[in-house]
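# Architecture at a glance
Read off the chains here:
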Amino acid sequence: MLNNFLSSKWVIFCLLALVVFAVFSRAIWFDYVQLDEGVLLINNRFFISDISNFFEVFKHDVNYPSAISPYYRPIFTLSLMLNGQLSLSPTAYHIGNLLLHLAAVFMLFWLFRELGYSRNVSLIFSAIFAIHPAVTSAVTWVPGRTEAMLAILVALSLILFMRFLRTADWRYLIGFLLFFAVALFTKEVAIALLPVLFFYYLMHKEEKGGELMTTLASGLGVVSVAWFFVRKNILADANVGDLSFLQMFSVFWSNSPAFLLYLGKAILPFNLTVLPVP
């Protein structure tokens, strides 16, 4: 009977929404915590409230026009701008964060199903993710929405990548490259998806799409290099120092122990902070 009840995706969505809103709905009434919101939402309110600045977002760093930043995240800025068309109040942005988190939770459920897990198992682990203490800052801190957005885009990229390998359908390849590109322009850490994709490919290279590895790699290369040079040029125009490919790799490598830190706090979520500390 339970399996029949959970057979509808709408039932699954409503259950996950109920879990999310039961835990985080009070965040809707929170004010800003004044950690980055002062620049992004208060000082820049006239810029993000004007939809005619839509394309200007792609020409500047994330803190434009009131400050400069070494980060180029135009999709994140667009989310603030589109959210601001409804209202510039903290409540409106917190509602936006809550909805993005809910979308990320449902995308995770979809990813689990795509990986072959049962509906019940996928629901349980998605629900755990939905209310895990480690996601609190992504839900309740407005700039933390980058994490929810990244989760949505990475999950969609993985789903389309897996479907392309299984079917060799070009539509999945185009969709995968599109969402991967959007993920890069949301937050630069999306580049870390590349080794994940590589190892998944090695385990499934006998599938139908594995024969198109050259095409797949070429598409990823074009997207990654285009993102790198667009980002580099934008930050150079803002007189912000940037990293070369080798320097970027060095930074990722030197910070690799943080993976163990985050893994440990995912299992034992104690002493959590917005900024990573041991």
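A quick note: this is a predicted structure, and the numbers were derived from the prediction, not measured. (Residues numbered from 1 in each chain as written. Predicted model: local features only at pLDDT ≥ 70, side-chain atom pairs only at ≥ 80, totals over all residues. Heavy atoms only, no water.)

## Some words on the pattern of salt bridges
For the coordinates displayed, the defined rule picks out 6 salt bridges. Of the charged contacts in the structure, one is a salt bridge between glutamate 56 and lysine 59, with a shortest N-O distance of 3.2 Å. We note a salt bridge from glutamate 188 to arginine 73, for which the minimum N-O separation is 2.4 Å. Highlighted residues: glutamate 188 in the loop between α10 (170-184) and α11 (193-203) and arginine 73 in the loop between α4 (45-48) and α5 (74-84), separated in sequence by 115 residues. Like arginine 73, glutamate 188 is buried. Within this structure, Glu114, Arg163 and Arg166 form a network of salt bridges that share partners. (Salt bridge = Lys/Arg side-chain N within 4 Å of Asp/Glu carboxyl O. Helix = DSSP H or I, 4+ residues; strand = E, 2+ residues; numbered from the N terminus. Buried < 20%, exposed > 50% of the residue type's maximum accessible area, 1.4 Å probe, protein only.)

## Observations concerning the layout of surface pockets
Counted as a void, the second largest pocket has a volume near 160 Å³. Forming the walls of the second largest pocket are Lys9, Phe106, Met107, Phe109, Trp110, Arg113, Glu114, Arg119 and Arg163. Tallying contributions element by element places helix α6 (residues 90-114) first for the lining of the second largest pocket, with 6 residues. (1 Å grid on protein atoms, 1.4 Å probe; cavity = no way out; pocket = protein on both sides within 12 Å on 5 of 7 lines; lining within 4 Å. Points joined across faces, edges and corners; volume = space filled by probe spheres on them.)

## Thoughts on the nonpolar core
Counting residues in hydrophobic clusters, the biggest one holds 48 residues, and the most contacted among them are Leu41, Phe161 and Phe176. Elements with a contribution of two residues or more to this core: α3 (37-43), α4, α5, α6, α9 (145-167), α10, α11 and α12 (213-237). Here leucine 41 is in contact with Tyr32, Ile48, Leu80, Tyr93 and Val142, once residues within four sequence places are set aside. The next biggest cluster of nonpolar side chains, apart from the first, holds 21 residues, and it includes Ala17, Val105, Phe109 and Ala127. (Core = buried A, V, L, I, M, F, W, Y, C linked by side-chain atoms within 4.5 Å. Contact = heavy atoms within 4.5 Å.)

## Considering empty space enclosed by the protein
Sizing a probe to match a water molecule and rolling it over the atoms shows the empty space that remains. Applying the stated rule across the entire model yields 2 cavities of 30 Å³ or more. As a volume, the largest cavity reaches approximately 60 Å³. Along its surface, the largest cavity is lined by Phe47, Glu56, Val57, His60, Asp61, Val62, Tyr64, Tyr72, Arg73, Pro74 and Thr77. Of the residues in the lining of the largest cavity, the class split is 6 nonpolar, 2 polar and 3 charged. Surrounding the second largest cavity, Leu40, Asn44, Phe47, Ile48, Val62, Tyr64, Thr77 and Leu80 form its lining. Looking at the lining of the second largest cavity, the elements that each hand over two or more residues are α4 and α5. Of the residues in the lining of the second largest cavity, the class split is 6 nonpolar, 2 polar and no charged. (Nonpolar A, V, L, I, M, F, W, Y, C, P; charged D, E, K, R; others polar.)

## Some thoughts on α6
Relative to the 36 Å expected for 25 residues at 1.5 Å per residue, α6 spans 36 Å between its end C-alpha atoms, a close match to the ideal helical length. Looking at the residues trailing α6, positive phi occurs at glycine 116, about 100°. (Expected span 1.5 Å × (residues − 1).)

## Thoughts on the environment of alanine 17
Positionally, alanine 17 belongs in helix α2 (residues 9-24). Counting along the chain gives 85 residues from alanine 17 to leucine 102, while the straight-line C-alpha distance between them is 6.4 Å.

## Considerations on a nonpolar patch on the surface
On the surface, a cluster of nonpolar side chains totalling about 550 Å² of accessible area is made up of Leu115, Tyr117, Val121, Ile124, Phe125 and Ile128. Tracing the sequence through the fold places tyrosine 117 in the loop between α6 and α7 (119-131). (Patch = residues over 30% accessible without salt bridge, like charges linked within 9 Å, V, L, I, M, F, W, Y side chains within 5 Å. Areas by Shrake-Rupley, 256 points an atom, 1.4 Å probe, with all protein chains shown as cover.)

## With respect to the packing of aromatic side chains
All chains considered together, the criterion is met by 14 aromatic pairs. Each ring, one from phenylalanine 112 and one from tyrosine 117, has its centre 5.8 Å from the other, and the planes form 90°; the classification is edge-to-face. Residue class for tyrosine 117 comes out partly exposed when judged on its relative accessible area of 43%. Between phenylalanine 161 and tyrosine 200, the aromatic rings sit 6.1 Å apart at their centres with planes inclined by 65°, giving edge-to-face as the arrangement. Here tyrosine 200 lies in helix α11 and phenylalanine 161 lies in helix α9, a separation of 39 residues in the sequence. (Phe/Tyr/Trp six-rings, centres within 6.5 Å; stacked < 30°, edge-to-face > 60°.)

## Section: the side chain of asparagine 97
Examined against the element boundaries, asparagine 97 turns out to sit in helix α6. Classification of asparagine 97 as buried rests on a relative accessible area of 0%. In terms of polar contacts, asparagine 97 uses its side chain to reach the backbone carbonyl oxygen of valine 139, at 3.4 Å. In this structure, asparagine 97 is in contact with Ala138, Val139, Trp141, Val142 and Arg145, ignoring residues within four places of it in sequence. (Polar contact = N/O pair within 3.5 Å; in protein donor to acceptor, adjacent residues only side chain to side chain.)

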